[in-house]
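Descriptive structure summary
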Amino acid sequence: MRSSSFPLLLPALFCASIVHAQSTGSVGCATELDGDGVVGMSDLLIVLADFGSTCVSDPPTAGWPTVHFTEFHYNPATAQGTDSEFEFLELYNPGDQPVDLSGWSLSEGLSFTFPEGTVLASADYLVVASSAVSYAGLGYPVYDWGSGGLHNSGELIALRAPDGVVIESVLYSDTGDWDSAPDGQGPSLERLFLTGDPHDAAQWSASIGTGGTPGATNSLWLD
Ligand SMILES: [Ca+2]
Ligand SMILES: [Ca+2]
Ligand SMILES: [Ca+2]
């Protein structure tokens, strides 16, 4: 097959790579894709298999607004009450526009879909709890995740957009570098920074007070 059968622009784009390969002898070439040591037509065909595709994979949330997990109260102290009464997680909208969470969901460790009309205001928090009535009437939106709960030893929780894209996920824990105080001693597990990897234990710390800060700024916010 001759290159003239391809769109005119493509051979032009590949000329630079081919010339580069010839001029650098045995030095590896990023466009040598099929392993025969030569940048040839077969390499071009490999690239053309994806011609026109959108290959952006990072960030995967392109097109959806950012919403963060900011707090997990996964093992309330016995003095506060049972886990099924007082467990909650908190979400935060860092943007300057409200986010319509209709059809968004919590997945993996929980299974909950936000109802139509759920809106998270700019720079505001909402709470999803094991028992919404425990946190109702306190000035912030509260939703009840229904059955199930947050494991006391940690688990993966994800927030998904309506198309299934993971907006953010956290695999929290009570061991290793993770603060163990939220595991039944009273505090919640609060986010310290919104930048960085939410799976990193350094992003999180025990709240100062018992029961954490549902629907409000975290007690040790360092951002
Ligand atoms: Ca408990
Ligand atoms: Ca629990
Ligand atoms: Ca909070």
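As the structure is a computational prediction, the values presented were derived from the model and not from experiment.

Re the overall build of the protein chain
When its secondary structure is counted, the protein chain shows 3 helices and 12 strands. Expressed as a percentage of contacts within the protein chain between residues at least 6 apart in sequence, the contacts between residues at least 24 apart total 56%.

Digging into the pairing of strand β11 (residues 187-191)
The buried count for β11 comes to 5 of 5 residues, which makes it a mostly enclosed element. As paired strands, strand β1 (residues 68-73) and β11 are joined by 2 bridges and run antiparallel to one another. Note that in β11 the partner of E71 across the bridge is E190. Here β11 runs beside strand β12 (residues 204-210); their pairing, made up of 4 bridges, is antiparallel. When the sheet's bridge partners are listed, L189 is paired in β12 with A206.

Structural notes on the sheet that holds β12
Pairing in this open sheet of 6 strands is mixed, and the strands run β8-β7-β2-β1-β11-β12 from one edge to the other. The open sheet has two free edges, formed respectively by β8 (142-144) and β12, since each of these has just one partner strand. Within the sheet, the average angular offset between the axes of one strand and its neighbour, ignoring direction, is 25°.

Overview of the confidence of the model for the protein chain
In this model, the protein chain carries a mean pLDDT of 85, and residues with pLDDT of at least 70 account for 77%. Every residue in residues 1-26 is under pLDDT 50, and counting partners more than four places away or in other chains gives 12 contacts.

A few points about unusual backbone geometry
Within the chain, E108 stands out as a residue other than glycine whose phi angle is a positive 70°. Relative to the helices and strands, E108 is located in strand β4 (residues 105-108). With 15 C-beta atoms packed within 10 Å, E108 lands in the partly exposed category. At A123, a residue that is not glycine, the phi angle is positive and equals roughly 55°. Topologically, A123 is positioned in the loop between β6 (119-120) and β7 (124-129). C-beta crowding within 10 Å serves as the criterion here: with 12 such atoms nearby, A123 is assigned to the exposed category.

What to know about the sheet that holds strand β5 (residues 112-113)
Taken in spatial order, the 4 strands of this open sheet run β5-β4-β9-β10, and their pairing is antiparallel. Every other strand in the sheet has two partners, leaving β5 and β10 (166-171) as the edge strands with one partner each. Looking at chain direction, strand β9 (residues 156-160) and β10 are connected through 5 bridges and run antiparallel. Counterpart to A158 in the pairing with β10 is S169.

Some details on the environment of L120
On the secondary structure map, L120 appears in strand β6. Classification of L120 by C-beta neighbours within 10 Å gives buried; the count is 21. Measuring from C-alpha to C-alpha, the distance between L120 and V99 comes to 5.1 Å, with 21 residues separating the pair along the chain. Those residues in contact with L120 that sit more than four places away from it in its chain are V67, L91, N93, P98, V99, L101 and L126.

Things to note about the environment of S131
Counting through the fold element by element, S131 comes out in the loop between β7 and β8. Using a count of 19 C-beta atoms within 10 Å as the deciding quantity, one classes S131 as partly exposed. Each C-alpha atom of the pair S131 and D83 lies 9.2 Å from the other, and the pair is 48 residues apart in sequence. Setting aside its immediate chain neighbours within four residues, S131 contacts S84, E85 and D144.

Rules used in this analysis
- Residues numbered from 1 in each chain as written.
- Chains lettered and ligands numbered in written order.
- Predicted model: local features only at pLDDT ≥ 70, side-chain atom pairs only at ≥ 80, totals over all residues.
- Helix = DSSP H or I, 4+ residues; strand = E, 2+ residues; numbered from the N terminus.
- Contact = placed C-beta atoms within 7 Å.
- Buried ≥ 20, exposed ≤ 12 C-beta atoms within 10 Å, placed from the backbone.
- Pairing = 2+ DSSP bridges.
- Axes fitted to C-alpha atoms, helices over the stretch in contact; angles between N-to-C directions.
- pLDDT = per-residue confidence, 0-100.

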